[in-house]
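Residues per chain, in single letters:
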Amino acid sequence: MKFLKHIPALLLFIVGAVLLNYYLPSRDVVRIVGTEVKRIDIGKGAPFWDRADIGTNDEATRDVRFINAEFPSGKTKVYRNEDTGWGFPPYFKFDSSDVTAKAQALSKQDEQWVAVRHYGWRIRLFSIFPNATSIKRVSGPDAFLIPWFNIVFIGLLLLIWFLLWRKIRAWKAKRIDPTLDKVGDSISDAAREVGESVGEGSEKARGFWRKLFGSPKTK
């Protein structure tokens, strides 16, 4: 039973972890091998697509830019290249055209490695692509990148959670616990009174039967 009360908190943690994993930025060290544009039918409110270029009509059928890349291991990965504008997630990306131009220039340099900053997942089964938000040159395929933004952001979230937890715990100790103690005391007093009443009733019943049938004789 003690485990059941932790289920809501566990579910909340899982949902939060999934959302952070999807929306927080990641960086891949890759080599750009090409770009392309595909005509795609995108349903209204589709969760894994953003929007057409800011200032253009955001139709259900539209062109989507893609960036093709290759890891040092030879494994390939495809990124979509869409604006996010002023909406969610708040990457404020308005330059998908410029990102494509930069990717095209870098694709002509065979030994140039870059860090592609992106968010989202690549799920081939459902044709889901991460959105590339920026491209930056790096020294080589072994470049070490520290995710400072993610470290600071998650650290702030943990700090906020800790402060809220302390506030809730203090409020609970001040308001909830005394009330529960009073309720517990009232229940205990009521149970004791009921027990005493039952005991008195049992004693009266035994006295009645003794008077009616007489006390058993002892030899």
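Residues numbered from 1 in each chain as written. Predicted model: local features only at pLDDT ≥ 70, side-chain atom pairs only at ≥ 80, totals over all residues. Heavy atoms only, no water.

Asks: Pulling in residues and values, what's your account of the packing of aromatic side chains?
Replies: For the structure on display, the rule yields 14 aromatic pairs. Considering the side-chain rings of Tyr22 and Phe48, the 5.7 Å spacing of their centres and the 70° angle between planes classify their relative orientation as edge-to-face. Remark: Phe48 occurs in the loop between strand E1 (26-41) and strand E2 (61-70) and Tyr22 occurs in helix H1 (residues 7-23); sequence separation between them is 26 residues. Overall, the relative accessible area of 5% leaves Tyr22 in the buried class. (Phe/Tyr/Trp six-rings, centres within 6.5 Å; stacked < 30°, edge-to-face > 60°. Helix = DSSP H or I, 4+ residues; strand = E, 2+ residues; numbered from the N terminus. Buried < 20%, exposed > 50% of the residue type's maximum accessible area, 1.4 Å probe, protein only.)

Asks: Break down the pattern of salt bridges for me, with residues and values.
Replies: In total, this model carries 6 salt bridges according to the counting rule given. Where Asp28 meets Lys77, a salt bridge forms, and the shortest distance between an N and an O atom there is 2.9 Å. Remark: Lys77 occurs in strand E3 (residues 76-81) and Asp28 occurs in strand E1; sequence separation between them is 49 residues. Notably, a salt bridge pairs Asp63 with Arg39, separated by 3.2 Å at the nearest N-O pair. Note that Asp63 is positioned in strand E2 and Arg39 in strand E1, a separation of 24 residues in sequence. Judged by its relative accessible area of 44%, Asp63 falls in the partly exposed class. On the accessibility criterion, Arg39 (57% relative accessible area) is exposed. (Salt bridge = Lys/Arg side-chain N within 4 Å of Asp/Glu carboxyl O.)

Asks: So, the pairing of E3: which residues are in play, and what are the values?
Replies: Of the pairings in the sheet, the one linking E2 to E3 comprises 6 bridges and is antiparallel in character. Each bridged residue has a counterpart across the sheet, and for Arg65 the counterpart in E3 is Asn81. Connecting E2 to the next strand, E3, in antiparallel fashion are 5 residues, including Gly74 with a positive phi near 100°. (Pairing = 2+ DSSP bridges.)

Asks: Talk me through the nonpolar core; I want residue IDs and the actual numbers.
Replies: Note that soluble globular proteins tend to have their nonpolar side chains buried in a common cluster. One finds Val30, Ile32, Ile67, Ala69, Tyr79, Val99, Ala103, Leu106, Val114, Val116, Ala132 and Ile135 forming the largest nonpolar core, which totals 12 residues. At the level of secondary structure, the elements contributing two or more residues to this core comprise E1, E2, helix H2 (96-107), strand E4 (114-119) and strand E5 (131-137). Ranked by residue count, the leading element in this core is H2, at 3 residues. Ignoring sequence-local partners within four residues, the contact set of Ala69 consists of Val30, Arg31, Ile32, Val33, Lys75, Thr76, Lys77 and Tyr79. Counting 6 residues, the second-largest nonpolar core is a separate cluster that includes Ile40, Ile42, Val64 and Phe66. (Core = buried A, V, L, I, M, F, W, Y, C linked by side-chain atoms within 4.5 Å. Contact = heavy atoms within 4.5 Å.)

Asks: For the side chain of Asp83, give the residues involved together with the corresponding values.
Replies: Residue placement: Asp83 occurs in the loop between E3 and H2. As a buried residue without a salt bridge, Asp83 has its nearest oppositely charged side chain in Lys93, at a separation of 5.4 Å. Here Asp95 takes part through its backbone nitrogen, which lies 3.5 Å from a polar atom of the side chain of Asp83. The residues contacting Asp83, other than those within four sequence positions of it, are Asp50, Arg51, Ala52, Asp53, Ile54, Lys93, Phe94, Asp95 and Ser96. (Lys, Arg positive; Asp, Glu negative; His and termini not counted. Polar contact = N/O pair within 3.5 Å; in protein donor to acceptor, adjacent residues only side chain to side chain.)

Asks: An account of the side chain of Arg80 is requested, with residue identities and associated values reported.
Replies: Positionally, Arg80 belongs in strand E3. A residue is classified by how much of its surface remains accessible, and Arg80, at 0% relative accessible area, is buried. Reaching out from Arg80, the side chain makes a polar contact with the backbone oxygen of Phe48 at a distance of 3.2 Å. In this structure the side chain of Arg80 is engaged in a polar contact, spanning 2.7 Å, whose partner is the backbone oxygen of Phe129. What Arg80 contacts, discounting residues up to four positions off in sequence, is Tyr22, Phe48, Trp49, Asp50, Val64, Arg65, Phe66, Tyr119, Phe129, Pro130, Asn131 and Ala132.

Nothing here speaks to function; it is geometry throughout.
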